[in-house]
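Listed here are the chains, written in short residue letters.
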Amino acid sequence: MVCIYCKNSTKISNSRHLARKNGTWRRRNCQICNVTFSTIETPDYSTIWSLARNNSKRLEPFNRTKLYISIYESLKHRPRALEEADELTNTILIRLSNIVIDGLVFVDDLRNCVFNTLSNFDNTSLVYYKAYFDKD
Ligand SMILES: [Zn+2]
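Model, not experiment: these values are computed from the prediction.

Another aspect to go through is the confidence of the model for the protein. Looking at the protein, pLDDT values average 94 and 99% of them are 70 or higher. Across the protein, strand E2 (residues 23-30) holds the top mean pLDDT of 97, while helix H4 (residues 123-133) sits lowest at 93.

The following block contains the structure:
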């Protein structure tokens, strides 16, 4: 990765596995302007998972952003909705990764995973999710 300021190459000075994100945190240094910044590498689920809907034979790339937005919208009544939605989305992705077979995410499995995760977290958010996003 290049430096975010001068665009020269960077060196990794530290890195750590992030279990809750299934990702890798890296500390990077630019040898030219001496700036230090962090990056987080996570899977691009759109390239490894496909969403299988009940009413369609067509598969669509799994979209983490769509999942995140639906969780965020369901948590908007909470003061830390942005951060909590990110954490819950990561939790759902890790739970899904335990049941996905051959890269196929069945919409009923996704729905159950979201329901279980939200009901354990905040029942009001589950009500909002069911009202606005439980369609298919
Ligand atoms: Zn630089």
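Additional details are given in the paragraphs that follow.
What follows concerns the domain arrangement of the protein. When the domains of the protein are assigned, the result is domain 1 (10-41) and domain 2 (45-133). Distance from the C-alpha centre of domain 1 to the C-alpha centre of domain 2: 28 Å. Taken together, the contacts link four residues of domain 1 with four residues of domain 2. Three residues, Arg-20, Lys-21 and Asn-22, lead the burial of domain 1 against domain 2; their summed loss comes to 92% of the area buried on that side. In this structure, Asp-86 engages Lys-21 in a salt bridge whose closest nitrogen and oxygen atoms are separated by 3.3 Å. Our count for the contact surface shared by domain 1 and domain 2 stands at one residue pair in polar contact (both at pLDDT 80 or more).

A few words on H4. Those residues of H4 not exposed but buried are Ser-125, Leu-126 and Tyr-129. The buried residues of H4 all sit within an arc of 100 degrees when viewed along its axis, so they share a single face. Structural note: H4 exposes Val-127 and Tyr-132 on the side pointing more than 90 degrees away from its buried face. Buried-residue contacts for H4 involve helix H1 (64-74) and helix H3 (107-121). Taking the backbone nitrogen of Thr-124 as reference, a side-chain oxygen 2.8 Å away marks Asp-122 as the first, capping residue of H4.

Scanning the entire structure with this criterion turns up six aromatic pairs. An angle of 45 degrees between the planes, with centres 4.5 Å apart, marks the rings of Tyr-45 and Trp-49 as tilted. Overall, Tyr-45 belongs to the buried group, its relative accessible area being 8%. The class for Trp-49 is buried, based on a relative accessible area of 6%. Among the aromatic residues, those joined into a ring-pair cluster are Tyr-45, Trp-49 and Phe-62. The ring centre of Phe-115 lies 4.7 Å from the NZ or CZ of Lys-130, which sits over that ring.

Reading guide: rules and limits
Residues numbered from 1 in each chain as written. Predicted model: local features only at pLDDT ≥ 70, side-chain atom pairs only at ≥ 80, totals over all residues. Heavy atoms only, no water. pLDDT = per-residue confidence, 0-100. Helix = DSSP H or I, 4+ residues; strand = E, 2+ residues; numbered from the N terminus. Domains from an automatic or database assignment. Contact = heavy atoms within 4.5 Å. Buried area = accessible area lost by both parts, 1.4 Å probe. Salt bridge = Lys/Arg side-chain N within 4 Å of Asp/Glu carboxyl O. Polar contact = N/O pair within 3.5 Å; in protein donor to acceptor, adjacent residues only side chain to side chain. Buried < 20%, exposed > 50% of the residue type's maximum accessible area, 1.4 Å probe, protein only. Arc of directions from axis to C-beta. Phe/Tyr/Trp six-rings, centres within 6.5 Å; stacked < 30°, edge-to-face > 60°. Lys NZ or Arg CZ within 6 Å of the ring centre and 35° of its normal.

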